[in-house]
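# Geometric and topological summary
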Amino acid sequence: MYKQAKWDEPLIFEVGKHSKQGLLVDDEFRQEFLDAINDIPGEYLRKTGPLIPSLSEVEVVRHFTRLSQMSYGIDVGSVPLGSCTMKYNPKVSEDIAGRDSVCFIHPYQDESTIQGLLRILYLMQTWLKEITGTDVCSLQPPAGASGELAGALMIRKYHEDRGELDRNEMLIPDSAHGSNPASAVMAGFKVVKIPTDPNGDTDVDALRASISNRTAGIMLTNPSTLGLFESRILEISDIVHKAGGLLYYDGANLNGILGIARPGDMGFDVVHINLHKTFAAPHGGGGPGAGAVCAKGVLKDYVPAPIVDYDGRRFYFKYDVRRSIGRVSWFYGNIVPIIKSFIYLACLGPRVREVAEISVLNTNYFMKEVTKLPGVDLVYGRDRWRKHEVVLSFNKLHRDTGVTAEDIAKALLDRGFHAPTIYFPLIVPEAHMVELTESESKEYIDSLVEAYKGIVRQAYSAPESLRRAPQNTSIKRLDPLPANHPRTMAPTYKYIGRLKEHRKLLKG
Ligand SMILES: *Cc1c(COP(=O)(O)O)cnc(C)c1O
């Protein structure tokens, strides 16, 4: 079992207060440096030395290696965050995207000097159109939520162009990611919530009742955040289109149907893809994302410009997209995650459907094993297979023992696993939303099931002990309220508290 290293690593300022030298500078270079300083007028020179840590090389190396051992990431173990699709990122993507020929390109460089990059972007647009079943692709949005906003603005502009200014309602199921209603509101829509039926599908009767000539469209995630394929999607598409509305596809869960089914064929007019989830680019720690937006039919002229085009001779940025909503981001979006995703796709080629097949197999194997445990339930669509993820409910276990979904998540940390997404979607009480992706082996999934088994046993025999979890991690249980409150964060995180001290010293 993987155990987190419990270093109590001090701040680098605290390690390096003994005035050591890390580097022996060559005498000649040193002289050059001193000459350069001599050119600076005396009034601009500081009177006291800066309070920067002074360490030997070995101290620096150990400090950062210990810090790296205190944290957890996809290269240490699975990060089974449902909906967020955190898969292993092949190192070949990192290697190529990190080359000088990529990193030192300037956005104002002449197009003739970046034909290679433009070709990558052009091919990526082509592949994403093929994968989603759409006509046009813009790589500009820098994240999924940004793609959502772009899509919602496209829908709005389409209705405006037709003079249908009263269409100001966006239908959104109650299982949706919070960014869906947020994007709809930012684009000027009123959100109409659609309930989920016991089977786990969008409640079609409720949908019918909510449809009117004020309906601008519907934002759907398919497979849904419950990991279920919307079994009546064609009927939904029909209802919304007949009423004059459009369909928006939230592509965060595309991993479950990649290369097998296409949103464009299901009737969706506009689609965003979280490249950093479905393909490759490390995310979750605030890393940059990429939220390409693809459209077909009536919306194809509305995508954010520029897009990359080819005239048979050269690749170029096409700014002239007839009804484009305009820019949603600086330059051409986040190029690096796009390149990483391109390499991931290029390596797989037509075998990309195996990604979905294995991730679906992994999810259902996990679901079958873990739902054998007492106190664990599925709430929606109990007899249905899942796609890429499964939402477990520990509601019964909670009622039986008082142990919460959060306690169980913390106990997973003690056993060396990253916790899944918890308390989402909101319609499932005491939820754990688990997504293993295609990265994990059967052996790994078995070990995760074993961990759940141990925790459930502990919940029924010694529930109190779970309240103190985690114990095996560098930082123990945080009080989530103060930990999330900016003003009271400092005393909770002792590191942050100590950092502040040092900042004061630096200022003083
Ligand atoms: C992650 C996610 C989003 C938002 O995507 P970001 O890239 O994080 O902005 C939207 N919908 C669903 C279902 C998601 O899982």
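Residues numbered from 1 in each chain as written. Predicted model: local features only at pLDDT ≥ 70, side-chain atom pairs only at ≥ 80, totals over all residues. Heavy atoms only, no water.

Glancing now at the overall build of the protein. A tally of regular secondary structure across the protein gives 20 helices and 12 strands. Taking the principal axes of its C-alpha atoms as reference, the protein extends roughly 80 × 70 × 45 Å. Across the 508 residues that make up the protein, the buried fraction comes to 48%. Restricting to contacts in the protein with at least 6 residues of sequence separation, those with at least 24 account for 71%. When the accessible surface of the protein is summed, it comes to about 24700 Å², and 56% of that surface belongs to carbon and sulfur atoms. Seen as two clouds, the 61 positive and the 61 negative side-chain charges of the protein have centres 4 Å apart. (Helix = DSSP H or I, 4+ residues; strand = E, 2+ residues; numbered from the N terminus. Buried < 20%, exposed > 50% of the residue type's maximum accessible area, 1.4 Å probe, protein only. Contact = heavy atoms within 4.5 Å. Areas by Shrake-Rupley, 256 points an atom, 1.4 Å probe, with all protein chains shown as cover. Lys, Arg positive; Asp, Glu negative; His and termini not counted. Charge placed at Lys NZ, Arg CZ, Asp CG, Glu CD.)

This part is about the state of the cysteines. Using the criterion set out here, one finds 0 disulfides in the structure. Distance from the sulfur of cysteine 103, which forms no disulfide, to the nearest cysteine sulfur (cysteine 347) is 18 Å. For the unlinked cysteine cysteine 137, the closest cysteine sulfur is that of cysteine 294, found at 3.6 Å. (Disulfide = S-S within 2.5 Å.)

Side chains of strand 12 (residues 431-434) alternate between two faces, with Ala431 and Met433 and His432 and Val434 buried alike. Inspection of the sheet shows strand 10 (residues 390-393) paired to strand 12 by 4 bridges, in the antiparallel sense. Looking at strand 12, one finds that valine 390 is bridged to valine 434. Across 2 bridges, strand 11 (residues 421-422) lies against strand 12 in antiparallel orientation. In the sheet register, threonine 421 faces strand 12, and the bridge partner there is methionine 433. (Pairing = 2+ DSSP bridges.)

On to the nonpolar core. Ranked by internal contacts, the top residues of the largest apolar core, which has 54 residues, are Leu128, Leu275 and Phe279. Of the residues forming this core, the biggest block, 7 residues, is contributed by helix 12 (residues 335-348). Ignoring anything within four residues of it in the chain, the contact list for leucine 128 reads Thr134, Cys137, Leu139, Ile273, Leu275, Phe279, Ala292 and Cys294. Counting residues in each nonpolar core, the second largest holds 28 residues, with Leu397, Ile455, Val456 and Ala459 among its members. (Core = buried A, V, L, I, M, F, W, Y, C linked by side-chain atoms within 4.5 Å.)

It is worth spelling out the site of the ligand at this point. Close to the ligand lie Ser83, Ala143, Gly144, Ala145, Glu148, His177, Ser179, Asp250, Ala252, Asn274, His276 and Lys277. Contacts to the ligand include alanine 145, whose backbone N or O atom sits 2.8 Å from an oxygen atom. Side-chain polar atom of histidine 276 to an oxygen atom of the ligand: 2.8 Å apart, as the coordinates give it. Within the complex, the protein chains bury 88% of what would otherwise be the 380 Å² of accessible surface of the ligand. The element best represented in the shell around the ligand is helix 7 (residues 144-161), accounting for 3 residues. The residue makeup of the shell around the ligand, split by class, is 3 nonpolar, 6 polar and 3 charged. (Near = heavy atom within 4 Å. Polar contact = N/O pair within 3.5 Å; in protein donor to acceptor, adjacent residues only side chain to side chain. Nonpolar A, V, L, I, M, F, W, Y, C, P; charged D, E, K, R; others polar.)

Right, let's talk about the side chain of asparagine 362 for a bit. On the secondary structure map, asparagine 362 appears in helix 13 (residues 353-370). Judged by its relative accessible area of 9%, asparagine 362 falls in the buried class. Within the structure, asparagine 362 has its side chain in polar contact with the backbone oxygen of threonine 437 (distance 2.9 Å). Leave out the neighbours within four places in its chain, and asparagine 362 touches Leu436, Thr437, Glu438, Glu440 and Ile445.

With respect to topology, 7 strands assemble into an open sheet ordered 1-7-6-5-4-2-3, the strand pairing being mixed. The strands lining the two open edges of the sheet, one partner per strand, are strand 1 (136-138) and strand 3 (190-194). Adjacent strand axes in the sheet meet at a mean angle of 20°, parallel and antiparallel pairs treated alike. Here 3 bridges tie strand 5 (residues 246-250) to strand 6 (residues 270-272), and the two strands are oriented parallel to one another. (Axes fitted to C-alpha atoms, helices over the stretch in contact; angles between N-to-C directions.)

Let's shift gears to the side chain of glutamate 438. Within the secondary structure, glutamate 438 is located in the loop between strand 12 and helix 16 (442-461). Since its relative accessible area comes to 16%, glutamate 438 is described here as buried. Among the polar contacts listed, one links the side chain of glutamate 438 to the side chain of asparagine 255, at a separation of 3.1 Å.

One can read the domain layout of the protein as domain 1 (12-69), domain 2 (114-350) and domain 3 (353-483). Once you take the C-alpha centre of each, domain 2 and domain 3 turn out to be 30 Å apart. Listed per partner, the contact involves 28 residues of domain 2 and 26 residues of domain 3. Of the roughly 2000 Å² buried between domain 2 and domain 3, counting both surfaces, carbon and sulfur atoms make up 58%. Area buried by domain 2 at its contact with domain 3 is led by Leu226, Leu228 and Asn255, which between them contribute 27% of it. Run the count over domain 2 and domain 3 and you get 1 salt bridge. Across the salt bridge formed by arginine 384 and aspartate 201, the nearest N and O atoms sit 3.3 Å from each other. Here the side of domain 2 that touches domain 3 is built from residues that sort into 12 nonpolar, 13 polar and 3 charged. (Domains from an automatic or database assignment. Buried area = accessible area lost by both parts, 1.4 Å probe. Salt bridge = Lys/Arg side-chain N within 4 Å of Asp/Glu carboxyl O.)

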